[in-house]
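# Close look at the chain arrangement
Listed below, chain by chain, are the residues.
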Amino acid sequence: METQTQFFRDTWAEINLDHLYENVKNIKGHIPDDVNVFAVVKANAYGHGDVQTSLTALAAGAHGLAVAFLDEAISLRRGGIAAPILVLGATRPKDVKIASQLDISLTVFHKEWLVEAEKQLSKEDHLRLHIKCDTGMGRIGVRTSEELKSIEGYIHSHPKFELQGIFTHFATADELNDDYLEEQLRRFEYMLQQLESLPAYIHSSNSAATLRKTNTLFNAVRVGIAMYGLTPSIEMKPELPFPLKEVFSLHSRLIHTKELEAGEKVSYGATYEASESEWIGTIPIGYADGWLRKLQGQDVLVDGKRVPIVGRICMDQCMVRLPESRPIGTRVTLIGKQVEAAITMDEIAQKLDTINYEIPCIISTRVPRIYIRNGEATEVSNKLLSTGMDSQRENNAPFDE
Ligand SMILES: *Cc1c(COP(=O)(O)O)cnc(C)c1O
């Protein structure tokens, strides 16, 4: 694996695109052929890397992509992606021009937004829109049929706009009790009945609903977490219709080892004390990488065995207790598999009192991502050493004010 020119620290995340491909294929196989999959790649594809993830999901049969913000959609277009892209969150009306120029579909839920957006567009511009319905998530969306009808009417009477889709989002799809979900579904179906005509895309399901339900699929689904090989909740893990394969793993190497005598201390606060003669290894990852201080005491894998992190986690480094002397350069796996042993995203989430979604998102961009395709490391994305905006500005005129 010759990637030495692309990062210069012994800590990296491996993004297994073969697993991602398989997860998307399995999701496709689980739902009817005429249901389109929108791969949800917001937040840099949940920390996995937006462009690489998107290309793999599309190759595996995803129809389009969904992100939270317009900036994320622009980043994908700049990455050369031509597939349909939907921005799920709010976009400011003053920013609609670039969305129209890059053929990015936006979400609408205010009539006034349309009035403002219309002023930004010239006659020949075309903007595709999805109406968001709030059926019980209480986040964004229209809540009444009056609002819905006035938005639909405005779109239909202004040819710059195209009503491309309508959607809602479930608050409890990852819980096994379906009462609240069914209530949301009834409200969404009522809203659909209020429309003069149905748009091309009707969608309500996230990963959990896509995997668990058959009556929520309509003709499109928005799948995020399952594509990354993670279960939407611990509760529904036993109900998964096929095994999900984790895409993200996190690795480092021993950069220093030493033998401490009983009574010698480790790290800030000198809170850890060797109780006997102990081998201590240092790895170059810390809380600035998203390996948070609360992970003190968490196990990592060395030579296929669990060993604990000891002492406080520093900004850039932390220490582990080794069963014996190990050479510098020995691989340390913080999330992922070594031989028979595994540390899952769910284990780390549990240790941090949170959900698995948060973990790859908080592993910071200081950690380079290595992409695995056909079992081989093919590409490194290192945000620290990437050229940034300047070189890209020239060929993207829409940024000029
Ligand atoms: C993030 C998001 C999704 C994807 O949810 P998963 O649980 O990751 O599948 C779908 N729809 C909307 C509106 C979202 O914000």
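Owing to the predicted nature of the structure, the values given are computational and were not obtained by experimental measurement.

Moving on: the overall build of the chain. Secondary structure summary: the chain contains 12 helices and 21 strands in total. Taking 21 Å as the expected radius of gyration for a compact globule of 401 residues, we find that the chain reaches 24 Å, a close match to that expectation. Principal-axis analysis of the C-alpha atoms gives the chain an extent of 80 × 50 × 40 Å. Classification of the 401 residues of the chain by burial places 52% in the buried group. A separation threshold of at least 6 residues defines the contact pool for the chain, and within that pool the share at least 24 residues apart is 67%. Carbon and sulfur atoms provide 49% of the accessible area of the chain, an area that totals close to 18,200 Å². Computed over 43 positive and 55 negative side-chain charges, the inter-centroid distance for the chain is 2 Å.

With that out of the way, let us pick up a nonpolar patch on the surface. On the surface, a cluster of nonpolar side chains totalling about 370 Å² of accessible area is made up of F8, L384 and L385. Residue placement: F8 occurs in the segment before β1 (11-16). A relative accessible area of 64% places F8 in the exposed class.

Turning our attention to the site of the ligand. Around the ligand sit 13 residues in total, of which K42, Y46, S207, R222 and Y357 are the nearest. Within the side chain of K42, a nitrogen or oxygen atom sits 2.7 Å from an oxygen atom of the ligand. Note that an oxygen atom of the ligand is positioned 2.6 Å from one of the side-chain N or O atoms of Y357. For the ligand, whose free accessible area comes to 390 Å², the fraction covered by protein is 92%.

This next bit is on the packing of aromatic side chains. Inspection of the entire model under this criterion finds 6 aromatic pairs. Plain terms: the ring middles of F38 and Y201 are 5.4 Å apart, the flat faces sit at 80° to each other, and that makes the pair edge-to-face. Remark: Y201 occurs in strand β8 (residues 201-205) and F38 occurs in strand β2 (residues 36-40); sequence separation between them is 163 residues. The residues F38 and Y201 share a single accessibility class, namely buried. Among the aromatic residues, ring-to-ring pairing joins Y46, Y228 and Y357 into one connected group.

Here we take up the pattern of salt bridges. Across all of its chains, the model carries 24 salt bridges by this definition. Across the salt bridge formed by E14 and R331, the nearest N and O atoms sit 3.5 Å from each other. You can see E14 sitting in strand β1 and its partner R331 sitting in strand β18 (residues 331-338), a full 317 residues away along the chain. R331 gets classed as partly exposed once you look at its relative accessible area, which sits at 29%. Ionic pairing is found between D178 and K213, a salt bridge with its closest N-O pair at 2.9 Å. With a gap of 35 residues between them, D178 in the loop between β7 (161-168) and α8 (179-194) and K213 in the loop between α9 (207-212) and β9 (220-223) connect regions that are remote in the sequence. Judged by its relative accessible area of 10%, K213 falls in the buried class.

The strand order β4-β3-β2-β9-β8-β7-β6-β5 describes an open sheet built from 8 strands, whose pairing is parallel. Pairing within the sheet leaves two strands with one partner each, and these edge strands are β4 (85-87) and β5 (106-108). Sheet twist, expressed as the mean angle between neighbouring strand axes with direction ignored, is 30°. Both β5 and strand β6 (residues 127-133) contribute to a ladder of 3 bridges, which runs parallel. Each bridged residue has a counterpart across the sheet, and for V108 the counterpart in β6 is I131. Across the face of the sheet, helix α7 (residues 145-156) comes into contact with β5, β6 and β7 while running at roughly 155° to β7.

This part takes up the environment of K383. Looking at the element boundaries, K383 is found in the loop between β21 (376-381) and α12 (390-393). The spatial distance from the C-alpha of K383 to the C-alpha of L295 is 24 Å, given a sequence separation of 88 residues. Not counting chain neighbours up to four residues away, the residues in contact with K383 comprise N44 and T365.

Cut-offs and rules
- Residues numbered from 1 in each chain as written.
- Predicted model: local features only at pLDDT ≥ 70, side-chain atom pairs only at ≥ 80, totals over all residues.
- Heavy atoms only, no water.
- Helix = DSSP H or I, 4+ residues; strand = E, 2+ residues; numbered from the N terminus.
- Rg over C-alpha atoms; globule rule 2.2 N^0.38 Å.
- Buried < 20%, exposed > 50% of the residue type's maximum accessible area, 1.4 Å probe, protein only.
- Contact = heavy atoms within 4.5 Å.
- Areas by Shrake-Rupley, 256 points an atom, 1.4 Å probe, with all protein chains shown as cover.
- Lys, Arg positive; Asp, Glu negative; His and termini not counted.
- Charge placed at Lys NZ, Arg CZ, Asp CG, Glu CD.
- Patch = residues over 30% accessible without salt bridge, like charges linked within 9 Å, V, L, I, M, F, W, Y side chains within 5 Å.
- Salt bridge = Lys/Arg side-chain N within 4 Å of Asp/Glu carboxyl O.
- Near = heavy atom within 4 Å.
- Polar contact = N/O pair within 3.5 Å; in protein donor to acceptor, adjacent residues only side chain to side chain.
- Phe/Tyr/Trp six-rings, centres within 6.5 Å; stacked < 30°, edge-to-face > 60°.
- Pairing = 2+ DSSP bridges.
- Axes fitted to C-alpha atoms, helices over the stretch in contact; angles between N-to-C directions.

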